[in-house]
Each structure stands twice: as C-alpha cells, then as structure tokens.
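Tertiary structure, described
Residues per chain, in single letters:
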Amino acid sequence: MKRFITFFALILVLLISSCNSLNISSKPQINPINPPLSQLKRVTLDENIKIEAGETLYVPVYSHIYYEDQEKVLNLAATLSIRNTDFINPIIITSVQYYDSSGKLVKQYLEQPIQLNAMASTDFVVRRNDTSGGVGANFIVEWVAEKEVSKPVIEAVMIGAESTQGISFVSLGRVIKTQKNSKLYPSKQNS
C-alpha cells in the first residue's frame, strides 16, 4: 500500500510540473515570433517617396456560414494573414479595411502605414462573435514597396466549431489594382 501511495504521489507531482512547464493560463499568449501590430515600424509616406511596386487586393471573408438548408448558422473566426515573401526588401502595408456584405466600411485596421520586413508576416483578426461583416464580408489590403519585390501572400483563414460541427478553409486575396513606378502615395493619386 505504501508503494502505491508513493507511486501515486510521484505521478501527481509529474502531472503538476508538466502543467506548469506548458504554461497553462487563461490569458491569451502573444506569439513572440509574430509581433503584435503595435511593435511593427510605422512609416510616413509623402510625395518624395518613389513607389516601385504595389497592389490593392480584395480578400473574401466569412463571419458565418449557413448549413442545414440555411436553417442554422455557424459563426467563424477569421484571420487575415499578410506575408512578405521577399528575401531582402521590406514592403509597406498602407491600408487594411474590413467591409460588410452591403459594402459599408466596418473597421479601418491601420492608423498609419506599417513596414513589414523581409520574410516577415502579420495578421488581423475578426473574432468569432463579431458577425458585423456578414456572409459577404471582405478585406481590402493595400501595399507598396520602394523597390521591386516578390509579391506578398495575402489570404484569410476562417475557422469555426460548435458541438461536433467544425469547419476551416482559406480564402485567397485577389489583385484588383496594381501600382507601379509612382512618385505619389497611392491614395493621394486619385484625389
């Protein structure tokens, strides 16, 4: 009996120590590899900056989807991922806007353009309980670069689970406008 109690105590100690080493907590953990938006370098663009490349992309996003003949709704969390694929040069993300199904602007994610270093990535999240975008929501993402760069990968990942139902899928960004060899910041050209 004494061996059983000793063995049980040893197992209990191992379980407790493994839980501590896993850093289990109720607070969300920030991934140190993918820094939060506030830690990315803010950039000021003006008429003196020569833009060599840039694009505006449309990224479809779904805040919920219907199932069982549109009688039930499954809410989805959406993550917009922007990945600089250039090995050497940074890109500048000038705008990230979230629109709802009727085309109304729901949220402007950037107050100022940010620099995304070579091979770096960043993301923007629409929480699962935020259904303001609707089934036809979208992101409009604008980026520019001062040198020719390989194009970034811009996509959205949607995921949702409820009871035994679960779904996840990716939506790719589509180029709707190209920016090349311009002296002006893209948004000021059209004004």
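Residues numbered from 1 in each chain as written. Predicted model: local features only at pLDDT ≥ 70, side-chain atom pairs only at ≥ 80, totals over all residues. Heavy atoms only, no water.

Here the focus is the overall build of the protein chain. Secondary structure assignment for the protein chain yields two helices and 12 strands. Mapped from its N terminus to its C terminus, the protein chain presents α and β elements in the order α-β-β-β-β-β-β-β-β-β-β-β-β-α. Per-residue burial for the protein chain yields a buried fraction of 36% across its 191 residues. Considering only contacts within the protein chain whose residues lie at least 6 apart along the sequence, 77% involve residues at least 24 apart. (Helix = DSSP H or I, 4+ residues; strand = E, 2+ residues; numbered from the N terminus. Buried < 20%, exposed > 50% of the residue type's maximum accessible area, 1.4 Å probe, protein only. Contact = heavy atoms within 4.5 Å.)

We now examine the pairing of strand β5 (residues 91–99). Within β5, nine of the nine residues are buried, which leaves it mostly tucked inside the rest of the structure. Pairing of β5 with strand β7 (residues 114–116) involves three bridges; the strand directions are antiparallel. By the bridge assignment for β7, Ile93 is matched with Ile114. Judged from the seven bridges that link them, β5 and strand β9 (residues 138–145) form a sheet pairing that is antiparallel. Within the sheet, the bridge partner assigned to Tyr99 lies in β9 and is Asn138. In the sheet, β5 pairs with strand β6 (residues 105–108) via three bridges, with the strands oriented antiparallel. Of the residues in β6, the one forming a bridge with Tyr99 is Leu105. Counted along the chain from β5 to the antiparallel partner β6, the turn is five residues long, and its residue Gly103 has a positive phi close to 90°. (Pairing = 2+ DSSP bridges.)

Summarising the element assignment, Ser63 is placed in the loop between β1 (51–60) and β2 (64–67). Within the local environment of Ser63, its side chain forms a polar contact with the side chain of His64, the two groups lying 3.3 Å apart. Of the polar contacts made by the side chain of Ser63, one reaches the backbone nitrogen of Gly134; its length is 3.1 Å. Setting aside residues up to four positions removed in sequence, Ser63 forms contacts with Leu74, Asn75, Leu76, Tyr98, Asp130, Thr131, Gly133, Gly134 and Val135. (Polar contact = N/O pair within 3.5 Å; in protein donor to acceptor, adjacent residues only side chain to side chain.)

To continue, consider the confidence of the model for the protein chain. Averaged over the protein chain, the pLDDT score is 81; the fraction of residues at 70 or greater is 74%. Throughout residues 20–34 the model reports pLDDT below 50, and contacts reaching past four residues in sequence, or to other chains, amount to six contacts. The low-confidence segment residues 184–191, where pLDDT is below 50, has 17 contacts with residues more than four positions distant or belonging to other chains. (pLDDT = per-residue confidence, 0-100.)

Glancing now at the packing of aromatic side chains. Working definition: an aromatic ring pair is given by the centre-to-centre distance plus the angle between the planes. A complete count under the given rule lists four aromatic pairs for this structure. Here Tyr98 and Phe139 contribute two aromatic rings whose centre-to-centre distance is 5.0 Å and whose plane-to-plane angle is 40°, an arrangement assigned as tilted. In this pair, Tyr98 is assigned in strand β5 and Phe139 in strand β9, connecting sequence segments 41 residues apart. Here Tyr98 falls in the buried class, since its relative accessible area comes to 1%. Since its relative accessible area comes to 0%, Phe139 is described here as buried. Measuring from ring centre to ring centre gives 5.6 Å for Tyr109 and Phe124, while their planes differ by 75°; the resulting arrangement is edge-to-face. You can see Tyr109 sitting in the loop between β6 and β7 and its partner Phe124 sitting in strand β8 (residues 121–126), a full 15 residues away along the chain. Among the aromatic residues, those joined into a cluster by ring pairs are Tyr98, Tyr109, Phe124 and Phe139. (Phe/Tyr/Trp six-rings, centres within 6.5 Å; stacked < 30°, edge-to-face > 60°.)

Below, the discussion takes up the sheet that holds strand β4 (residues 77–83). Whether parallel or antiparallel, the strands of a sheet pair through hydrogen bonds between backbone atoms. Spatially, β8-β4-β10-β11 is the arrangement adopted by the four strands of the open sheet, whose pairing is antiparallel. What marks the edges here is a single partner per strand, and that holds for β8 and β11 (165–172). Put simply, the sheet's adjacent strands are angled 15° from each other on average, direction ignored. Across eight bridges, strand β10 (residues 153–162) lies against β11 in antiparallel orientation. Paired with Glu155 across the strands is Leu172, a residue of β11. (Axes fitted to C-alpha atoms, helices over the stretch in contact; angles between N-to-C directions.)

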